[in-house]
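# Structural features, examined
Chain by chain, the residues:
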Amino acid sequence: MSDLKPILVTTAHRGVFAGLVSADTDLGAKTLSLKDARMAIYWGTTKGVMELAETGPTGKSRISAKSDIPVLHDVTAVFNVSDAAWAKWVAA
């Protein structure tokens, strides 16, 4: 697990996902694979989508069950996720 890192991904289809990728993943790719991914169904933030990467989901956020995503298409942005934020994603 030490070679995996958490990221937040947005897509052209308004999807917002957090999941794990290998440390050597090309984050500039238009498609990505995510392990233990979760989707933000409702952000519930006051500081926008980047708050999900910095501090994680809030009490108002609605987060999906986890699943591996073999291919996530049309990636528009990738954000690093802090350890504290990832812990909240996992607990959501």
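Everything below is about the structure printed above this text.
Residues numbered from 1 in each chain as written. Predicted model: local features only at pLDDT ≥ 70, side-chain atom pairs only at ≥ 80, totals over all residues. Heavy atoms only, no water.

## Focus on the environment of Gly56
- Along the chain, the position of Gly56 falls in the loop between α1 (50-54) and β4 (62-63).
- Judged by its relative accessible area of 1%, Gly56 falls in the buried class.
- Separated by 28 residues in the primary sequence, Gly56 and Gly28 place their C-alpha atoms 23 Å from one another.
- Residues contacting Gly56, with those up to four places away along its chain left out, are Glu51, Ala85, Lys88 and Trp89. (Helix = DSSP H or I, 4+ residues; strand = E, 2+ residues; numbered from the N terminus. Buried < 20%, exposed > 50% of the residue type's maximum accessible area, 1.4 Å probe, protein only. Contact = heavy atoms within 4.5 Å.)

## Some remarks on the pairing of strand β1 (residues 4-11)
- Among the eight residues that make up β1, six are buried, leaving the element largely enclosed by the rest of the structure.
- The sheet contact formed by β1 and strand β2 (residues 16-22) spans seven bridges and is antiparallel. Across the sheet, residue Ile7 finds its bridge partner in β2, namely Gly19.
- Between β1 and β2, which pair antiparallel and follow one another directly, the connecting turn spans four residues, one of which, Arg14, has a positive phi of 70 degrees.
- Here β1 pairs with strand β6 (residues 75-80) via five bridges, running antiparallel. Of the residues in β6, the one forming a bridge with Thr10 is Ala77. (Pairing = 2+ DSSP bridges.)

## Topic: the side chain of Glu51
- With respect to the helices, strands and loops of the structure, Glu51 is situated in helix α1.
- Buried within the structure, Glu51 lacks any salt-bridge partner; its nearest side chain of opposite charge belongs to Lys47, at an N-O separation of 6.3 Å.
- Within the local environment of Glu51, its side chain forms a polar contact with the backbone nitrogen of Lys47, the two atoms lying 2.8 Å apart.
- Apart from the residues lying within four places of it in its own chain, the contact partners of Glu51 are Thr45, Thr46, Gly56 and Thr58. (Lys, Arg positive; Asp, Glu negative; His and termini not counted. Salt bridge = Lys/Arg side-chain N within 4 Å of Asp/Glu carboxyl O. Polar contact = N/O pair within 3.5 Å; in protein donor to acceptor, adjacent residues only side chain to side chain.)

## What about unusual backbone geometry?
- Not every positive phi belongs to a glycine, and Asp36 is a case in point at roughly 50 degrees.
- Residue Asp74 is not a glycine yet carries a positive backbone phi of 60 degrees.
- For Asp74, the location among the structural elements is in the loop between β5 (67-72) and β6.
- On the basis of relative accessible area, Asp74 is assigned to the partly exposed category, the value being 36%.

## So, helix α2 (residues 83-91)
- By the burial criterion, the buried members of α2 are Ala85, Trp86 and Trp89. Seen along its axis, α2 keeps its buried residues to an arc of 100 degrees; they face one direction. Counted as exposed and oriented over 90 degrees from the buried face of α2: Asp83, Ala84 and Ala91.
- In this structure, the buried side of α2 is in contact with β1, β2, β3 (32-42), α1 and β4. (Arc of directions from axis to C-beta.)

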